[in-house]
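Overview (structure and organization)
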Amino acid sequence: MSTRLGPSDRQLPGTADRRTWLGLAVLTLPVFLVSMDVSVLYLAIPSITDALAPSAAQQLWILDIYGFLIAGLLITMGNLGDRIGRRRILLAGARCSARRRSSPPSHPRPESSSPLAP
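Residues numbered from 1 in each chain as written. Predicted model: local features only at pLDDT ≥ 70, side-chain atom pairs only at ≥ 80, totals over all residues. Heavy atoms only, no water.

Some words on the packing of helix H1 (residues 18-52) against helix H2 (residues 56-84)
Between H1 and H2, the least distance of the axes is 10 Å, while the angle of their chain directions is 165 degrees. In terms of orientation, H1 and H2 fall into the roughly antiparallel class. Of the two possible hands of crossing, H1 and H2 adopt the one that is right-handed. Residues Val34, Asp37, Val38, Leu41, Tyr42, Ile45, Ile48 and Thr49 of H1 form the contact with H2, whose own contacting residues are Gln59, Ile62, Leu63 and Tyr66. For the contact of H1 with H2, the residue count by class is nine nonpolar, two polar and one charged. (Axes fitted to C-alpha atoms, helices over the stretch in contact; angles between N-to-C directions. Helix = DSSP H or I, 4+ residues; strand = E, 2+ residues; numbered from the N terminus. Parallel < 35°, antiparallel > 145°, perpendicular 65-115°, else oblique. Left-handed = near helix turned anticlockwise from the far one by under 90°. Contact = heavy atoms within 4.5 Å. Nonpolar A, V, L, I, M, F, W, Y, C, P; charged D, E, K, R; others polar.)

Considering H2
Taking 1.5 Å per residue, 29 residues should reach 42 Å; H2 reaches 42 Å between its end C-alpha atoms and fits that length. Of all the bends in H2, the greatest, near 35 degrees, is centred on Asp64. (Expected span 1.5 Å × (residues − 1). Bend = angle between axes of the 7 residues up to and from the residue.)

As structure tokens, then:
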């Protein structure tokens with residue numbers, strides 16, 4: 001049994017449909033978030049340096065440890081996703097993130113530590 005495709009059902013080689021672009025957008029969102037986190041860390045390093053007075057090696061560790069942590073979690077969560085399912089891992093992470101962001105901070109914020117305070 002063969003099915004004939006109409007002229008509107010055919011897709012040219014090298015073109016992508018809406019679902020492909022949506023999938024690409026969903027997959028690049030975590031990359032965008034990680035790059036934003038790294039950018040914020042690089043912008044915060046002068047304030048961190050003023051507050052903690054780290055040596056050059058300690059500054060390097062402050063900047064690089066985030067990438068090491070992400071790489072370790074990528075391998076671990078990939079293995080866990082293979083075992084129990086990527087969708088379940090994604091939904092569990094989204095639930096944990098939503099819970100953490102919706103709950104109040106567990107420690108009081110000192111008023112004088114803000115870099116924007118007069």
